[in-house]
Structures are given as structure tokens and as C-alpha cells.
Amino acid sequence: MTQEEVFKKLVAHCKEYGFVFPSSEIYDGLAAVYDYGQNGVELKNNIKRYWWDSMVKLHENIVGIDAAIFMHPRTWEASGHVGAFNDPLIDNRDSKKRYRADVLIEDWIAKQDEKIDKEIEKARKRFGEAFDEAKYRETSPRVAEIAARRSEVRARFAEAMNANDLEGLRRIILDCEIACPISGTRNWTEVRQFNLMFSTQIGSVAEGANTIYLRPETAQGIFVNFLNVQKTGRMKLPFGIAQIGKAFRNEIVARQFIFRMREFEQMEMQFFVRPGEEMQWWSRWKETRMAWHRALGFGDEKYRFHDHEKLAHYANAATDIEFDFPFGFKEVEGIHSRTDFDLGSHQKFSGKKIQYFDPETGESYVPYVVETSIGVDRMFLQVMSAAYAEEPLDGGDSRVVLRLPAALAPVKAAVLPLVKKDGMPEVAQRIVDMLKYDYNVVYDEKDSVGKRYRRQDAIGTPFCITVDGQTLADGTVTVRHRDSMEQERVLVEALPSLVEEECSFRRLFKKLNL
Ligand code: GAP
């Protein structure tokens, strides 16, 4: 099965099992907007808990807030979003389709990598055992030609993006002979800037109406509250403020399911530090955040850093943590050294002093900021893509299983009476009642036990607990483990500690060494 097919199956699975639905589907949906279903919301909440607790509970010097989505419109002038939060867009005159110019070029660059990989695969087949990939990369004229062209375009691309050179981007699209995927033609318009913020009106529309924006990032809610939190919490540098909340962007290229959405959620933490110490903290947060991802156990090789060539208007260093999605390595999280840009700018635009008095040095200054910013939905997609597996079973059967880290699983245990009689349903219900105050557990009596196992595998439930005739005799149940499918006989009283051992967040947190 190709990765594309795996991805299609994953999207279908998300819908079929109540994880993610297209928004307002009965009206044919709304592009790049999605709803989370009964299992999706549980998984999403668990992801948020993993993040929130690892930030706010495990760091003495990080506190949380929950700021409003609407903010004073001047906020977005100060942050630079009114002036610079743009995507370069280009239209194809024949198909009338609109594209992001930078994405067209990035896709072309990625295609060159694929071409190189194909050349290497061909050579590997030709040379067999004796094939030396490193040497071939160095010596093949064809690979060298593709790589040189790719590097040249990449350098021109970085230059054009840094200089905001829209004509330069158009030239690259023409020079690389990039065609519209719909019409197949190269009949392109000029490249224009398009602001990504959604706007709406506050107040009565007739008089005194004021344009406000739906926040495109949660970070600004933290910046404008810097002094409120610092003073009321008597916070000393270095310290952080964390927040989880919705953000909105009018994305033009909406694709890859919940990877790029118009309404999404972010988990952001701004870490305020002394000027001059930001690079050291940036390196530290890179490592801390990478460890957070790796603790989930999906495999270290699934992650990599990607340092930015083009820095955002506020940053002096930036890296992405990329995950190996079925459609390739893509950004899940950004770690940015944002300098004193935001606080300094809000100080200027609001006319209010936003400074920190450092008791150690006796000086007042605008702190520097290191930000960690991760999309909840992208994290959700990461978890789902890593966990989804199709496995052959003995006897020619197969199963779909979500190998979710137990702490994140929507349902921790399913309690199944073997038959709907002989007192088994009552005992099963008592087990549900025993566990339900601490865990999301379900009761299921419909269909054969085998079918019930399959249903729970498909949503990633770590334990199936079966009540049978023996339970009534000796107070034991069968516990079936999701991944190994092994079964063991366990006393009913031992169930809470068994579930706790596997499903508690403590297991994950311990791996973080915080
Ligand atoms: N405050 C910094 C900031 O917002 P960003 O790189 O634009 O930086 C941070 O976004 C993270 O938010 C990304 O790494 C991604 O996980 C998530 N994100 C951004 N745009 C998104 C979108 N349209 N849909 C889903 N997630 C998105």
C-alpha cells in the first residue's frame, strides 16, 4: 500500500470511528474546517492535557492563562499581522484556480528530491549488493544535475521570500515551468499579497462599527497580559506563560485533512528571559520539546529539526520540529526566538511601559522571548498517523488497530459481558461503575466478543475486560491487551491498579526528566 493510500484510509477511519467529521457535512462541508467526534474530542483533550501538565504542572516557573479570541485591533498592528501576515498568491488564468506561489515552488523542490530518490532506487536495482549510495550520489552526473538545479532554485526562492520579491517568485514559477495541476497550463497572473486574518465587526454595524480580527495566533493574548501575570503572580525571570486556544487563518491552500485548517487550536508558551540569554534558552527548549514528542514512543527517526532560512518578522532564530507524516516530513511545532519584538512593539503602540525590573541587576528592560508553538490538530494528526496500523491475523483475518499511547487513548477500557444473561451484565456494569470516576470506560454487550475486540482495537482501547462464567465463581475477569492481544486472568479488585499502571500520564511525564 502506498503512503497516499494509507493516508486516505486514515481519513476514512477518522470519520467512521467518530474521531473527525467534515464541518456542517449535511451542507457538503466547509473547506478546511472540521469537527471532532465522540472519540476525537477525548483524544484531543488528552493531547492538550499532556501538553498543559508538562508545561504548567511540571515547570514551577510556567503558569497558564486563557485570553479572549477577540483583541483590540491595535494588537494586530503592533504584532505586524496587519502589515505582514500575508501569503503570496498567484492565479492560473485558464483554470481560474488560486495557489500560494511559495507552495508551488516548495512542491517543485520536493519533486526534485523525489527524482533523485528514483534515480538512486534504479541504480540500487541495477548494482544489487555492491551498491554504494553515498558514492553514487557524489558521482552520478544525472543526480548532480538535478541537485544543482534544486539548490539554485532553493537559493533564489529564499532570496525572493526574504526580500518580499513577488516578481522574483513569479520568475521562478515560469523558469521551472510549473504548470497548474488543473488546467495543465502555465498561464499565470502576477503574484499578489493576501492577508490571512479573518475580520468581523464589533458593536452596532450602523454607527461606531469597528473592524476586529479573529486572532491568527494565541501568542498575542500572552504578550498583552505579560505585566498582569508577572505582577499578580510575582514572577521572576526566566518564566513562562502557557495558553491553549483557537486561532483562525484564511488559508488559501487548504489540504491534507486537518494539517492545514482555517479554524484550529494552538498550544503556545512564551518564555520570558534576560536579553542576551535567548539563544541558550532557545536551544534548551528545542531539546525539551523534542523529548516531549519522542516520549510518545513512535520512534525517534520519525522526527527532525528544520531550521528556518527565512525568519519571520519577529524572530532571530527559528526551528520547526517536523514529523514524518504519510505525506512526508512536515512541521508540527515551531520554536522561535522572538527577541523583544512583541513586548517592545506593544509598548510603543499602547504607550504603556512594558518592562521588567530585574532585582538582581537593578535594571529595567523589555524581556526577550522564546516561544514554543504547536498546533493541537496537527499533533492529533501526528498521533493518528503514527498509531494507525493494519495487521494480518491468524486464519487469514485482519484487524485495524490504533496503537495509541495508553494515556492518550479516548477509551481506557471496555467491559464486555460474555453473554447477556446469568448475571454477567450486572457484574460488568459494576466494573464500569468502579472505574468510571477515574477513566473513560465503556460497556459493550452487542455482537460476538471477537467483533467487540475489533471495535475497541479500531479506537485504540488498551484493555478489554471480559466477564464470564468464571467471574461469577471466583471474582476474576479476562483482560485482553490491545497490542499483544494476549489475555490474562485478573481479580476484579486488581483492575484499577492495572489500568492506572498503563494509562496514567505519570509514565509519560517520567520520561521527560523534568
Ligand atoms: N505564534 C507562532 C505561530 O503561530 P506558526 O508556525 O504560524 O507560529 C505554529 O504556527 C503552529 O500552529 C504550527 O507549527 C502548526 O502546528 C500550527 N498551525 C499553524 N497554522 C495552522 C493551520 N492552518 N492549521 C492547523 N495548524 C496550524
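Each chain has its residues counted from 1, running along the sequence as written. Totals for whole chains, interfaces and linings use every residue, but because this is a predicted model, local features are given only for residues with pLDDT of at least 70 and side-chain atom pairs only at 80 or more, for both listing and counting. Neither water nor hydrogens contribute to the side-chain values; these are computed over all heavy atoms in the structure.

## Focus on the overall build of the protein chain
Helices and strands together make up the secondary structure of the protein chain, namely 18 helices and 23 strands. Here's how the labels work: a residue is buried when its accessible area is under 20% of the maximum for its type, exposed when over 50%, partly exposed in between, all with a 1.4 Å probe on protein chains only. Out of the 514 residues belonging to the protein chain, those deemed buried represent 49%. Between two residues, a contact is recorded if the distance between any of their heavy atoms is within 4.5 Å. Long-range contacts, defined here as pairs at least 24 residues apart, represent 66% of the contacts in the protein chain between residues at least 6 apart. Accessible surface for the protein chain amounts to roughly 25000 Å². Of this, 49% is attributable to carbon and sulfur atoms. Positive and negative side-chain charges in the protein chain, numbering 73 and 80 respectively, have mean positions lying 2 Å apart. Helix numbers and strand numbers start at the N terminus; a helix is a DSSP run of H or I with at least 4 residues, a strand a run of E with at least 2. Using a 1.4 Å probe, the Shrake-Rupley method yields the accessible areas, and only the shown protein chains count as cover for residues. Positive charges come from Lys and Arg, negative ones from Asp and Glu, while His and the chain ends are left out of the count. We put the charge of a Lys on NZ, of an Arg on CZ, of an Asp on CG and of a Glu on CD.

## A few points about helix 7 (residues 141-162)
Each full turn of the α-helix corresponds to 3.6 residues, which orients residues three or four apart in the same direction. Taking 1.5 Å as the rise per residue, helix 7 with 22 residues should run 32 Å; its terminal C-alpha atoms sit 32 Å apart, in good agreement. Residues Val143, Ile146, Arg150, Val153, Phe157, Ala158, Ala160 and Met161 constitute the buried set of helix 7. All buried residues of helix 7 project into a common sector of 160 degrees when viewed along the axis, lining one side. Facing away from the buried side of helix 7 by over 90 degrees, the exposed positions are Pro141, Glu145 and Glu159. Once helix 7 ends, the next one or two residues include Asn164, with phi positive near 55 degrees. Any helix carries an expected span of 1.5 Å times its number of residues minus one. Directions pointing from the helix axis toward each C-beta atom define the arc.

## A word on the domain arrangement of the protein chain
Boundaries between domains were set according to an automatic or database domain assignment. Parsing the protein chain into structural domains produces domain 1 (3-69 + 215-384), domain 2 (87-192) and domain 3 (395-510). Its C-alpha centre places domain 1 at a distance of 30 Å from the equivalent point of domain 2. Surface buried jointly by domain 1 and domain 2 totals about 770 Å² across both partners, of which 49% is contributed by carbon and sulfur atoms. In terms of surface lost to domain 2, no three residues of domain 1 exceed Ile252, Glu309 and Lys310, which account for 60% of the buried area on that side. A pairing counts as a salt bridge when a side-chain nitrogen of Lys or Arg comes within 4 Å of a carboxyl oxygen of Asp or Glu. A salt bridge links Arg100 to Glu251, with the nearest nitrogen and oxygen atoms 3.8 Å apart. Accessible-area loss on putting two parts together, using a 1.4 Å probe and summing over both, is the definition of buried area adopted here.

## Some details on the pattern of salt bridges
Enumeration according to the criterion identifies 48 salt bridges in this entry. Arg304 is the salt-bridge partner of Glu322, the closest N and O atoms lying 2.7 Å from each other. Of this pair, Glu322 sits in strand 12 (residues 317-325) while Arg304 sits in strand 11 (residues 303-307); the two residues are 18 residues apart in sequence, bridging distant segments of the chain. Note that Arg403 is salt-bridged to Glu391, the shortest N-O span being 2.3 Å. Highlighted residues: Arg403 in the loop between strand 18 (398-402) and strand 19 (413-417) and Glu391 in strand 17 (residues 388-392), separated in sequence by twelve residues. Its relative accessible area of 31% is what places Arg403 among the partly exposed residues. The buried category is assigned to Glu391, whose relative accessible area is 16%. Here the residues in one salt-bridge network are Glu391, Arg399, Arg403, Arg454, Asp457, Arg480, Arg482 and Asp483, joined through shared partners.

## Considering the side chain of Glu268
Mapped onto the elements of the fold, Glu268 is located in strand 10 (residues 263-273). Here Glu268 is buried and forms no salt bridge, its nearest opposite-charge partner Arg338 lying at an N-O distance of 5.3 Å. Pairs of N or O atoms within 3.5 Å make up the polar contacts considered here, provided that, within protein, one atom can donate a hydrogen while the other can accept it, and that residues adjacent in sequence are counted only when both atoms are side-chain atoms. Within the structure, Glu268 has its side chain in polar contact with the side chain of Ser373 (distance 2.5 Å). Dropping the residues within four chain positions of it, Glu268 is found in contact with Trp51, Glu217, Thr218, Ala219, Ile222, Ile241, Ala242, Gln243, Glu371, Thr372 and Ser373.

## Remarks on helix 18 (residues 505-512)
Within helix 18 the residues assigned to the buried category are Phe505, Leu508, Phe509 and Leu512. Seen along its axis, helix 18 keeps its buried residues to an arc of 95 degrees; they face one direction. Within helix 18, the exposed residues directed more than 90 degrees away from the buried face are Arg506, Lys510 and Lys511. Residues of helix 18 that are buried in the fold lie against helix 2 (38-57), helix 11 (278-294) and helix 17 (495-503). Taking the backbone nitrogen of Arg506 as reference, a side-chain oxygen 3.2 Å away marks Ser504 as the first, capping residue of helix 18.

## Details of the pairing of strand 19
Strand 19 sits mainly inside the fold: five of its five residues count as buried. Across the two faces of strand 19 the burial is the same, with Ala413, Val415 and Pro417 and Ala414 and Leu416 all buried. We treat two strands as partners when DSSP finds at least two bridges between them. Both strand 19 and strand 20 (residues 441-443) contribute to a ladder of three bridges, which runs parallel. Along strand 20, the bridge assignment pairs Ala414 with Val442. The path from the first strand over the helix to the second decides the hand: if it runs clockwise while the strands point away from the viewer, the crossover is right-handed. Taking the sense of rotation as the criterion, the β-α-β connection linking strand 19, helix 14 (residues 424-435) and strand 20 turns out right-handed.

## Considerations on the site of the ligand
Whether a residue is near a molecule or strand depends on its heavy atoms: if one lies within 4 Å, it is near. Taken together, 22 residues lie around the ligand, and Glu217, Met261, Glu268, Glu331 and Val332 are the ones closest in. Side-chain polar atom of Arg249 to an oxygen atom of the ligand: 2.8 Å apart, as the coordinates give it. Met261 places a polar main-chain atom, nitrogen or oxygen, 2.8 Å from a nitrogen atom of the ligand. Protein chains bury 93% of the 550 Å² of accessible surface belonging to the ligand in isolation. Those elements giving two or more residues to the shell around the ligand turn out to be strand 10, strand 13 (328-339) and strand 16 (368-375). Considering only residue class, the shell around the ligand consists of seven nonpolar, five polar and ten charged. Just so you know the grouping, Ala, Val, Leu, Ile, Met, Phe, Trp, Tyr, Cys and Pro go in nonpolar, Asp, Glu, Lys and Arg go in charged, and all remaining residues, Gly too, go in polar.

## Some details on a negative patch on the surface
On the surface, Asp438, Glu500, Glu501 and Glu502 cluster together into a negatively charged patch. Here Glu502 is to be found in helix 17. A residue is classified by how much of its surface remains accessible, and Glu502, at 31% relative accessible area, is partly exposed. Every patch collects residues that have over 30% relative accessible area and no salt bridge, joining them within 9 Å if they carry like charges and within 5 Å if they are nonpolar side chains (Val, Leu, Ile, Met, Phe, Trp, Tyr).

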